[in-house]
Amino acid sequence: MTSLAKIESALPLPVTVDDILAARTRIAGSIVKTPTLISQTLSDMLGCKIYLKFENLQFTAAYKERGALNRLLQLDEASKSKGVIAASAGNHAQGLAYHGKRLGVPVTIVMPTTTPIVKVTQTRGHGATVVQYGEKFDDAYAHARLLEVEQGLTFIHPFDEPDIMAGQGTVALEILEDAPEIDTLVIPIGGGGLFSGMATAARAMKPDIRLYGVQAELYPSMYDFLKGADLPCDGDTLAEGIAVRQPGDLTRRFVERLADDVLLVTERRLEEAVSLLLQIEKTVVEGAGAAGLAALLTHRETFAGRNVGLVLTGGNIDTRLLANVLLRDLARSGRLARLRIILQDRPGALFHVARIFDQEAVNILELAHQRIFTNLPAKGLSLDVECETRDRAHLQRLIAALGEAGYEVAPIEVA
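Note that the structure is a prediction, hence the values are computed from the model and not measured.

Each value, and the rule that gives it
- Residues numbered from 1 in each chain as written.
- Predicted model: local features only at pLDDT ≥ 70, side-chain atom pairs only at ≥ 80, totals over all residues.
- Heavy atoms only, no water.
- Helix = DSSP H or I, 4+ residues; strand = E, 2+ residues; numbered from the N terminus.
- Buried < 20%, exposed > 50% of the residue type's maximum accessible area, 1.4 Å probe, protein only.
- Contact = heavy atoms within 4.5 Å.
- Lys, Arg positive; Asp, Glu negative; His and termini not counted.
- Charge placed at Lys NZ, Arg CZ, Asp CG, Glu CD.
- Pairing = 2+ DSSP bridges.
- Axes fitted to C-alpha atoms, helices over the stretch in contact; angles between N-to-C directions.
- Parallel < 35°, antiparallel > 145°, perpendicular 65-115°, else oblique.
- Left-handed = near helix turned anticlockwise from the far one by under 90°.
- Nonpolar A, V, L, I, M, F, W, Y, C, P; charged D, E, K, R; others polar.
- Core = buried A, V, L, I, M, F, W, Y, C linked by side-chain atoms within 4.5 Å.
- Salt bridge = Lys/Arg side-chain N within 4 Å of Asp/Glu carboxyl O.
- Polar contact = N/O pair within 3.5 Å; in protein donor to acceptor, adjacent residues only side chain to side chain.
- Phe/Tyr/Trp six-rings, centres within 6.5 Å; stacked < 30°, edge-to-face > 60°.

Here we come to the overall build of the protein. Helix and strand counts for the protein come out as 18 helices and 14 strands. Overall, the C-alpha framework of the protein stretches about 80 × 50 × 45 Å when taken along its three principal axes. Among the 415 residues that make up the protein, the fraction classed as buried is 54%. Taking all contacts inside the protein whose residues are at least 6 apart in sequence as the whole, residues at least 24 apart take part in 73%. When the 43 basic and 51 acidic side-chain charges of the protein are each reduced to a single mean position, those positions are 2 Å apart.

In structure tokens, the structure reads:
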């Protein structure tokens, strides 16, 4: 342990449960007390009892407005008059913009250029001035700090401020009061503000509770810090809300002291979790909001037999991206498929193939012939057929029937 780490480990943490209780009183009436509900289907599927905290039902569809409001309410009059600025991939931005407008505080938000358009549009819709800069959160953050000085604004950090953490900690007060039998919390980590606040409250309420953080595999910044690892921190993740390259100076102290572990999840598991929550719970979550469920899908043995609380942290996902996620999930489950079939280029060839699809009761959605850009002989062609089946077994029966009829067929797989 370095000298700095030893000093930090001896210092008291800058947020206490009393701060979180005060934040709850401060923001009461302006924040939705979202429901905590058992998911019987997910519980049966994963072998543990799963409680979902629906923070995607906040007005701005994310928990972030808790911390944002707690911070805004403690500004002095001069700071309120000049306005505030923040860097955000979207949810912190919307929380500040919405409550800033309610309180008459001008808000400027610097967002990465890669932020989903739904978040940009909604932030502007709440009355904020939006500046888009850089591809990553860190680029937007650096630009916001420059504008802070140039324009004399108050910077409000998305995660590394005590008032922000205290506001986010109110989520834990609610979920453990509604479901005191919860013995494990699984909390998404980007910069670590939500984990810091929730873990502080949870440890005060239930000292023996297990606390797990979750990060996207492409952005393992807090994981690297805790494990002394040096995994790359980059890529185009579905969970852009937790795509943070550098953990907070304050929040890493909370995670180091309070977390039982930090787990990593792949993009495929994030996609699966988003799809499951929509299909089973009929609720829309963004990638970061599904990270907790993705952790359970990935590390089932860790949570077997536990009473697990998951926070659905946000629901601000671009509709086109959501459609892609759902279609990819259908493809992986075999309900949607694309088959490449080699045919002879002669009359009736397509008819004979289509007859097999009809016999197997498979719906054809789209056809594409390829005669030119292929290494087949001049009298051959490849036919790509996009089709809809009941399940993977149904798809395998179709492939077998095509093979028995003498056709060379291969599925085009989704990664």
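Take the sheet that holds strand β5 (residues 129-132) next. The 4 strands are arranged β5-β4-β3-β6 in an open sheet whose pairing can be described as parallel. At either margin of the open sheet sits one strand with a lone partner, and together these are β5 and β6 (154-155). The pairing of strand β3 (residues 84-87) with β6 spans 2 bridges and is classified as parallel. Within β6, the residue paired with V84 across the bridge is T154. Running at roughly 160° to β3, helix α8 (residues 137-151) makes contact with β3, β4 (107-111), β5 and β6 of the sheet.

Helix α10 (residues 193-205) packs onto helix α9 (residues 162-178) with a crossing angle of 45° between their chain directions and a minimal axis gap of 7 Å. Here α9 lies oblique to α10, going by the angle between them. For the pair α9 and α10, the crossing hand works out as right-handed. Here M165, Q168, G169, V171, A172, L173, I175, L176 and E177 of α9 come into contact with α10, specifically with G193, L194, S196, G197, M198, A201, A202 and M205. Residue composition of the contact of α9 with α10, grouped by class: 11 nonpolar, 5 polar and 1 charged.

Time to look at the sheet that holds strand β2 (residues 49-53). In space, the 6 strands of this open sheet follow the order β1-β2-β10-β7-β8-β9, with mixed pairing throughout. The sheet terminates laterally at β1 (36-38) and β9 (261-265), the two strands that pair on one side only. This sheet shows a mean twist of 25° between the axes of neighbouring strands, independent of strand direction. As paired strands, β1 and β2 are joined by 3 bridges and run antiparallel to one another. What sits directly across from T36, in β2, is K53.

On to the nonpolar core, then. One recurring pattern in soluble globular proteins: nonpolar side chains tend to sit buried together. Counting 36 residues, the largest nonpolar core has L293 and L296 as the members making the most contacts within it. Put simply, the parts of the chain that give this core at least two residues each are α3 (40-46), β2, β8 (210-216), β9, α13 (267-281), α14 (291-298), β10 (307-311) and α16 (319-332). Contacts of L296, omitting those with residues within four sequence positions, involve L46, C48, I50, V186, F303, V308 and L310. Grouped together as the second largest cluster of nonpolar side chains are 33 residues, M198, A201, L258 and A259 included.

With that out of the way, let us pick up the pattern of salt bridges. Enumeration over the complete set of coordinates arrives at 19 salt bridges. In this structure, R24 and E177 form a salt bridge, with 2.9 Å as the shortest nitrogen-oxygen distance. A residue pair is termed long-range when its members are at least 10 positions apart, and R24 in helix α2 (residues 17-27) and E177 in helix α9 qualify at 153 residues. Under the relative-accessibility criterion, E177 is labelled partly exposed at 40%. With its nearest N and O atoms 2.7 Å apart, the salt bridge here joins R145 to E148. In this pair, R145 and E148 are both assigned in helix α8, 3 residues apart and thus about one turn of the helix distant.

Here the focus is the packing of helix α17 (residues 349-359) against helix α18 (residues 392-404). Two elements in contact, α17 and α18, have axes whose closest approach is 10 Å; the angle formed by their N-to-C orientations is 140°. Note that α17 runs across α18; the crossing there is right-handed. Of the residues in α18, those touching α17 at V353, I356 and F357 are L398, A401 and L402. Broken down by class, the residue content of the contact of α17 with α18 amounts to 6 nonpolar, no polar and no charged.

Looking now at the side chain of T389. In this structure, T389 sits in the loop between β13 (380-388) and α18. Exposure remark for T389: the relative accessible area of 8% places this residue in the buried category. Within the structure, the side chain of T389 is placed 2.4 Å from the backbone oxygen of G334, a separation counted as a polar contact. A distance of 3.4 Å separates the side chain of T389 from the backbone oxygen of D391, its partner in a polar contact. Among residues more than four places away in sequence, those in contact with T389 are G334, R335, V362, H394 and L395.

The tally for this structure, following the rule as stated, stands at 3 aromatic pairs. Measuring from centroid to centroid gives 5.5 Å for Y141 and F155, while their planes differ by 85°, and the two rings are edge-to-face. Here F155 lies in strand β6 and Y141 lies in helix α8, a separation of 14 residues in the sequence. You can call Y141 partly exposed: its relative accessible area is 25%. When its relative accessible area of 7% is taken as the criterion, F155 is described as buried. Geometrically, the ring pair formed by Y212 and F303 is edge-to-face, given 5.1 Å between the ring centres and 70° between the ring planes. On the criterion of sequence distance, the pair formed by Y212 in strand β8 and F303 in helix α15 (residues 300-303) is long-range, its members being 91 residues apart.

Next up on the list: the side chain of R306. Its location among the elements puts R306 in the loop between α15 and β10. Side chain to side chain, R306 and D183 meet in a polar contact 3.3 Å long. When neighbours within four sequence positions are excluded, R306 is seen to be in contact with C48, K49, D183, T184 and R210.

Nothing here speaks to function; it is all geometry.
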